[in-house]
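# Residue-level structural notes
Listed below are the residues making up each chain.
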Amino acid sequence: MSEKAENSSNPLDLVKWLVVLVLLGGAVAANSIYEDISVLYRALGVVAAVLVAGFIAASTEKGSSFLTFAKDARTEVRKVVWPTRQEATQTTIIVLVATAFMSLVLWGLDLIIVQLVSFITGLGI
């Protein structure tokens, strides 16, 4: 892919991303500056700033490509054949049993190694 194809973004996109950063930074700063105001109003202000920043970010080339990617990902997730409840339960039990077994094996190996090191060094642990 050539550099022209990679860098063919709109020059206005940089300004939009700067506005997004200023909005989000302003939301964080305003939330701490106006701590004496009700949490409800501050939360509503932060949500509004995030929504506006999201709409501005979505209007950029990178933002629109991300939205397309998210829509495609959602379509793919709908195609997945999810396991039944019984299959999920059985798989969970198998994982728990295997984990318990391996933890006992590692515990036993640890005991053997501690005893071996104690014997070699002459230190009683």
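Remember, it's a predicted structure, so these values are computed and weren't measured experimentally.

## Here we look at helix α2 (residues 12-33)
In this model, α2 (22 residues) spans 31 Å end to end at C-alpha, consistent with the 32 Å of a helix rising 1.5 Å per residue. Inspection of α2 places D13, V20 and A27 among the buried residues, and these make up the whole buried set. Taken down its axis, α2 places every buried residue within 40° of arc, on the same side. Residues L14, L21, V22 and I33 are exposed on α2 and point more than 90 degrees away from its buried face. For α2, the elements touching its buried residues are α3 (39-58) and α4 (61-79).

## What to know about α4
With 19 residues, α4 extends 28 Å from end C-alpha to end C-alpha; this agrees with the ideal 27 Å at 1.5 Å per step. Taking the backbone nitrogen of G63 as reference, a side-chain oxygen 3.0 Å away marks T60 as the first, capping residue of α4.

## With respect to the environment of F69
Turning to its location among the elements, F69 is positioned in helix α4. Residue classification places F69 among the exposed residues on the basis of a relative accessible area of 58%. With 37 residues separating them in the primary sequence, F69 and L106 have C-alpha atoms 43 Å apart.

## Details of a nonpolar patch on the surface
A cluster of nonpolar side chains, contributed by F101, M102, V105, L106, L109, I112, I113 and V117, occupies part of the molecular surface with about 750 Å² of accessible area. When you line up the elements, L109 lands in helix α5 (residues 85-121).

## Describing the packing of α2 against α3
Closest axis-to-axis distance for the α2/α3 pair is 9 Å, and the angle between their directions is 170°. The angle between α2 and α3 falls in the class roughly antiparallel. Seen from α2, the contacting residues are K16, W17, V19, V20, L23, L24, A27 and N31; seen from α3, they are R42, V46, A49, V50, V52, A53, I56 and A57. Looking at the contact of α2 with α3 residue by residue, the classes come out as 13 nonpolar, one polar and two charged.

Calculation notes
Residues numbered from 1 in each chain as written. Predicted model: local features only at pLDDT ≥ 70, side-chain atom pairs only at ≥ 80, totals over all residues. Heavy atoms only, no water. Helix = DSSP H or I, 4+ residues; strand = E, 2+ residues; numbered from the N terminus. Expected span 1.5 Å × (residues − 1). Buried < 20%, exposed > 50% of the residue type's maximum accessible area, 1.4 Å probe, protein only. Arc of directions from axis to C-beta. Contact = heavy atoms within 4.5 Å. Polar contact = N/O pair within 3.5 Å; in protein donor to acceptor, adjacent residues only side chain to side chain. Patch = residues over 30% accessible without salt bridge, like charges linked within 9 Å, V, L, I, M, F, W, Y side chains within 5 Å. Areas by Shrake-Rupley, 256 points an atom, 1.4 Å probe, with all protein chains shown as cover. Salt bridge = Lys/Arg side-chain N within 4 Å of Asp/Glu carboxyl O. Axes fitted to C-alpha atoms, helices over the stretch in contact; angles between N-to-C directions. Parallel < 35°, antiparallel > 145°, perpendicular 65-115°, else oblique. Nonpolar A, V, L, I, M, F, W, Y, C, P; charged D, E, K, R; others polar.

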